[in-house]
Amino acid sequence: MIDLTIPPPAPVHHYWPWIVSILLIGITAWGLYTFFVVPILRKRRIHASIPYCPSLLLPPRTHQYDKNLSIASHRLIHFSYRVNLFHLTCTCLRFRRHRGLYPPNDIRRLCRHLRRELQPTAYNQQLDELTRGLLATRLTDACYSREQLSRSEIIVGFHPRSSIVRVYTFRKSPVDPPGGPFTGPVHKFTYNYHQDIWIYGEPPPNSEEVLAAISNLMTANRARYPQQDKLPLLRVENLPTPIPANEAAQTVRTRRERILSANPSTTPLEKP
Ligand SMILES: [Zn+2]
């Protein structure tokens, strides 16, 4: 006898709602973490590290710079930011999130918009050449220190817990003596402290003395810098160092001009 009963339909598994839900939860969690948690954590870390990181203070600007300038975004069309060179403020996201946390006149406040607006000013020309060379590059380090060597000067950008160290100093020009002082243009040299190598293979002039200065600086600041979880508990004063300006910068320039004039050569000098 033939069985004419219809077999029950196979159960249908509806996976799609689950997959879509998991995707939505994942995207929401990623968005919350990226756009809320990370900025908050970073803000807290910067705030807590300020007292432990040495830095450089720009000389104050006169009130003639106290005006809001509109500067076009180079990434977003029809978008602009308001920049004030007197207060060193900008309305860009990076400034509002991070750079604005640093104290007044601290060089770490300078976002790309502030740097771009400062560069053509008379104020910028009053700064010494090494500082101008530093401000021509992105200021990405947590700590900055100016170190006087026997016959030259360097600015070191670093973080006590990082192995990357950036050194801003003058290149050696063809007419300079081997031990300095050096009169070439300011250049950024990058050093890996753990691996003991100059990245891109190029050491600065008088690199032995530079390395000794880096070693002293890193040793002192690492000893002072607490572990991350202890950052808010300890408080030490690490006041930023003022950058020489006006008369002091003129003295630096005069010294360099004297060096240049004392080294007559038929070889054209690199533009300082
Ligand atoms: Zn900005």
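Just so we're clear, the structure is a prediction, and the values are computed from it rather than from any experiment.

Enquirer: What am I meant to see in the overall build of the protein chain here?
Expert: Scanning the protein chain from terminus to terminus reveals 7 helices and 10 strands. Within the structure as shown, the protein chain displays about 16600 Å² of accessible surface, and the carbon and sulfur contribution to it stands at 60%.

Enquirer: I keep staring at the packing of aromatic side chains and nothing clicks. Help me out?
Expert: Note on aromatic pairs: each is described by the distance of the centres and the angle between the planes. A full pass over the atoms with the stated rule returns 5 aromatic pairs. A ring pair is formed by Y65 and Y123, whose centres lie 6.2 Å apart and whose planes are at 65 degrees; its orientation type is edge-to-face. Taken together, the residues Y65 in the loop between β1 (56–57) and β2 (68–72) and Y123 in helix α4 (residues 122–126) connect sequence positions 58 residues apart. Of the two residues, Y65 and Y123, neither departs from the other in class, the shared state being buried. Note on Y191 and W198: the rings are 4.8 Å apart at their centroids and 50 degrees apart in plane angle, and the pair reads as tilted. When its relative accessible area of 5% is taken as the criterion, Y191 is described as buried.

Enquirer: Mind showing me how you'd approach helix α1 (residues 16–49) here?
Expert: The periodicity of an α-helix, 3.6 residues per turn, causes residues three or four positions apart to be oriented the same way. When the terminal C-alpha atoms of α1 are compared, their 47 Å separation across 34 residues agrees well with the 50 Å that a helix rising 1.5 Å per residue should span. Where α1 bends most, the angle comes to about 35 degrees, and this point is Y33. Residues of α1 that are buried include every one of G31, P39, I46, A48 and S49, and no others. Along its buried surface, α1 packs onto α2 (93–97).

Enquirer: Quick question: what am I supposed to make of the nonpolar core here?
Expert: Generally speaking, soluble globular proteins have nonpolar side chains that are buried together. Counting 28 residues, the largest nonpolar core has L58, C90, I107, L110, L114, L134 and Y144 as its most contacted members. V156, V165, A213 and L217 belong to the second largest nonpolar core, which has 19 residues in total.

Enquirer: How should the layout of surface pockets be read in this particular structure?
Expert: The gaps of empty space that remain are located by a probe, the size of a water molecule, rolled over the atoms. If you add up the space inside the largest pocket, you get close to 590 Å³. R75, C92, L93, R94 and H113 are the residues nearest the centre of the largest pocket, which is lined by 25 residues in total. Among the residues making up the lining of the largest pocket, the classes are represented as 10 nonpolar, 6 polar and 9 charged. Contributions of two or more residues to the lining of the second largest pocket are made by α1 and β7 (164–170). The element that contributes the greatest number of residues to the lining of the second largest pocket is α1, accounting for 4 residues. Both domain 1 (61–125) and domain 2 (127–228 + 246–263) contribute no fewer than three residues apiece to the lining of the second largest pocket.

Enquirer: What should I look at first to understand the confidence of the model for the protein chain in this one?
Expert: Fine structural detail should not be taken from predicted coordinates in areas where pLDDT scores are low. Scored by pLDDT, the protein chain has a mean of 82; 82% of the residues are at 70 or more. Per-element averaging of pLDDT across the protein chain places helix α7 (residues 247–261) at the bottom with 47 and strand β4 (residues 89–90) at the top with 96. Note that residues 231–237 has pLDDT below 50 and, in this model, 15 contacts with residues that lie over four places away or in other chains. Within the model, pLDDT remains below 50 along residues 252–256, and this stretch shows 11 contacts once partners closer than five positions in the same chain are excluded.

Enquirer: When you look at helix α6 (residues 207–224) in this model, what are you seeing that I'm missing?
Expert: In this model α6 runs 25 Å from its N-terminal to its C-terminal C-alpha over 18 residues, within 8% of the 26 Å that 1.5 Å per residue would give. Every buried residue of α6 is accounted for by V210, A213, I214, L217, M218 and N221. The buried residues of α6 occupy an angular sector of 125 degrees when the element is viewed end-on, so they sit on one face. Away from the buried face of α6 by more than 90 degrees, exposed residues E208, N216 and A223 are located. In this fold, the buried residues of α6 make contact with β5 (143–148), β6 (153–158), β7, β8 (186–192) and β9 (197–199).

Enquirer: I'm lost on the sheet that holds strand β3 (residues 80–84) in this one. Help?
Expert: Two orientations exist for strands paired in a sheet by backbone hydrogen bonds: parallel and antiparallel. The antiparallel open sheet is built from 3 strands, whose spatial order is β2-β3-β4. This sheet does not close on itself; its edge strands, each paired only once, are β2 and β4. Pairing between β3 and β4: 2 bridges, direction antiparallel. Across the sheet, the residue bridging to N84 is T89, located in β4.

Enquirer: Whenever I open this one, the coordination of the zinc ion confuses me. Can you help?
Expert: The textbook angles at a metal center are 109.5 degrees for a tetrahedron of four donors and 90 or 180 degrees for an octahedron of six. Ligation of the zinc ion by protein atoms is provided by C90 (SG), C92 (SG), C111 (SG) and H113 (ND1), these donors lying 2.2 to 2.3 Å from the ion. Between consecutive donor residues of the zinc ion, the sequence gaps follow C-x1-C-x18-C-x1-H. Here C90 matches C92 in class, with each residue buried.

Reading the values: rules and limits
Residues numbered from 1 in each chain as written. Predicted model: local features only at pLDDT ≥ 70, side-chain atom pairs only at ≥ 80, totals over all residues. Heavy atoms only, no water. Helix = DSSP H or I, 4+ residues; strand = E, 2+ residues; numbered from the N terminus. Areas by Shrake-Rupley, 256 points an atom, 1.4 Å probe, with all protein chains shown as cover. Phe/Tyr/Trp six-rings, centres within 6.5 Å; stacked < 30°, edge-to-face > 60°. Buried < 20%, exposed > 50% of the residue type's maximum accessible area, 1.4 Å probe, protein only. Expected span 1.5 Å × (residues − 1). Bend = angle between axes of the 7 residues up to and from the residue. Contact = heavy atoms within 4.5 Å. Core = buried A, V, L, I, M, F, W, Y, C linked by side-chain atoms within 4.5 Å. 1 Å grid on protein atoms, 1.4 Å probe; cavity = no way out; pocket = protein on both sides within 12 Å on 5 of 7 lines; lining within 4 Å. Points joined across faces, edges and corners; volume = space filled by probe spheres on them. Nonpolar A, V, L, I, M, F, W, Y, C, P; charged D, E, K, R; others polar. Domains from an automatic or database assignment. pLDDT = per-residue confidence, 0-100. Arc of directions from axis to C-beta. Pairing = 2+ DSSP bridges. Donors = N, O, S within 2.8 Å, 3.2 Å for Na, K, Ca; no water.

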